[in-house]
Amino acid sequence: MKKFLIIVIALCLMLCASAAESVASLPNAIDLYLPNDPDVGNWEYSIENENLINIKSQFFPDIHELGLIGTDGVSWFHVEGLEPGTTTLRFLYINSLTLRADLTLVCRLNVDDH
């Protein structure tokens, strides 16, 4: 799970650059898939300017382990551009036991004029 999480985070970082570096342009919409184990933690997100992007999210359990306690899965985030501009999207993986963020992913997004 950790190796998979690192690979997915690396891919997300390639899509989403930190605010200190560059800005990723957002087409009409993108989908982000982040590994998740609801027994260990859960992804939460915040948007700097909610007028620029909209997010729909859903958790999909691993279809090979349905019904098992501790089933891993994937959290899906559909990010849709609403208005042109630049905003920050921040994901936190909140540990269920400590209620602290174990992992932070910051994306600086530029929404193009459609």
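Since the structure is predicted, the reported quantities are computational estimates derived from the model, not experimental observations.

**Re the side chain of N36**
- With respect to the helices and strands, N36 occurs in strand β2 (residues 29–36).
- Exposure remark for N36: the relative accessible area of 1% places this residue in the buried category.
- Reaching out from N36, the side chain makes a polar contact with the side chain of Y93 at a distance of 3.2 Å.

**Description of unusual backbone geometry**
- Look at L99: it is not a glycine, yet its phi comes out positive at around 60°.
- Examined against the element boundaries, L99 turns out to sit in the loop between β6 (85–95) and β7 (101–111).

**Observations regarding the pairing of β7**
- As defined by bridge partners, β6 adjoins β7 across 10 bridges and the pair is classed as antiparallel. Bridged to R90 within β7 is V106.
- Counting the residues between successive antiparallel strands, the hairpin from β6 to β7 contains 5 residues, one of them, L99, with a positive phi of roughly 60°.

**What about the environment of E44?**
- Structurally, E44 is set in strand β3 (residues 41–47).
- Look at E44 and you get partly exposed, because its relative accessible area is 46%.
- Here the alpha-carbon distance between E44 and F91, two residues 47 residues apart in the chain, equals 5.7 Å.
- Setting aside its immediate chain neighbours within four residues, E44 contacts R90, F91, L92 and I94.

**Let's talk about the nonpolar core**
- Membership of the largest hydrophobic core comes to 16 residues, with the highest contact counts inside it found for I53, F77, V79, L89 and F91.
- The set of elements that each furnish at least two residues to this core consists of β2, β3, β4 (53–61), β5 (73–81), β6 and β7.
- At 4 residues, β7 tops the list of elements feeding residues into this core.
- Ignoring any residue separated from it by four or fewer positions in sequence, one finds F77 in contact with I30, D31, L32, L34, W43, Y45, I55, K56, S57 and F91.

**Describing the pattern of salt bridges**
- Under the definition given, this model contains 1 salt bridge.
- We note a salt bridge from E48 to R108, for which the minimum N-O separation is 3.0 Å. Of this pair, E48 sits in the loop between β3 and β4 while R108 is found in strand β7, placing the two residues 60 residues apart along the sequence.

**A word on the confidence of the model for the chain**
- Taken over all residues, the pLDDT of the chain has a mean of 75, while the share at 70 or more is 66%.
- Mean pLDDT across the elements of the chain bottoms out in helix α1 (residues 2–15) (42) and peaks in β6 (93).
- Confidence drops under a pLDDT of 50 for residues 1–22, and excluding neighbours within four residues, the segment shows 33 contacts in the predicted structure.

**Observations concerning the packing of aromatic side chains**
- Under the criterion given, the structure shown has 5 aromatic pairs.
- A centroid spacing of 6.4 Å and a plane angle of 90° characterise the contact between W43 and F91, whose relative ring orientation is edge-to-face. A residue pair is termed long-range when its members are at least 10 positions apart, and W43 in strand β3 and F91 in strand β6 qualify at 48 residues. The residues W43 and F91 share a single accessibility class, namely buried.
- Members of the aromatic cluster, connected to one another through ring pairs, are W43, Y45, F77, F91 and Y93.

Calculation criteria
- Residues numbered from 1 in each chain as written.
- Predicted model: local features only at pLDDT ≥ 70, side-chain atom pairs only at ≥ 80, totals over all residues.
- Heavy atoms only, no water.
- Helix = DSSP H or I, 4+ residues; strand = E, 2+ residues; numbered from the N terminus.
- Buried < 20%, exposed > 50% of the residue type's maximum accessible area, 1.4 Å probe, protein only.
- Polar contact = N/O pair within 3.5 Å; in protein donor to acceptor, adjacent residues only side chain to side chain.
- Pairing = 2+ DSSP bridges.
- Contact = heavy atoms within 4.5 Å.
- Core = buried A, V, L, I, M, F, W, Y, C linked by side-chain atoms within 4.5 Å.
- Salt bridge = Lys/Arg side-chain N within 4 Å of Asp/Glu carboxyl O.
- pLDDT = per-residue confidence, 0-100.
- Phe/Tyr/Trp six-rings, centres within 6.5 Å; stacked < 30°, edge-to-face > 60°.

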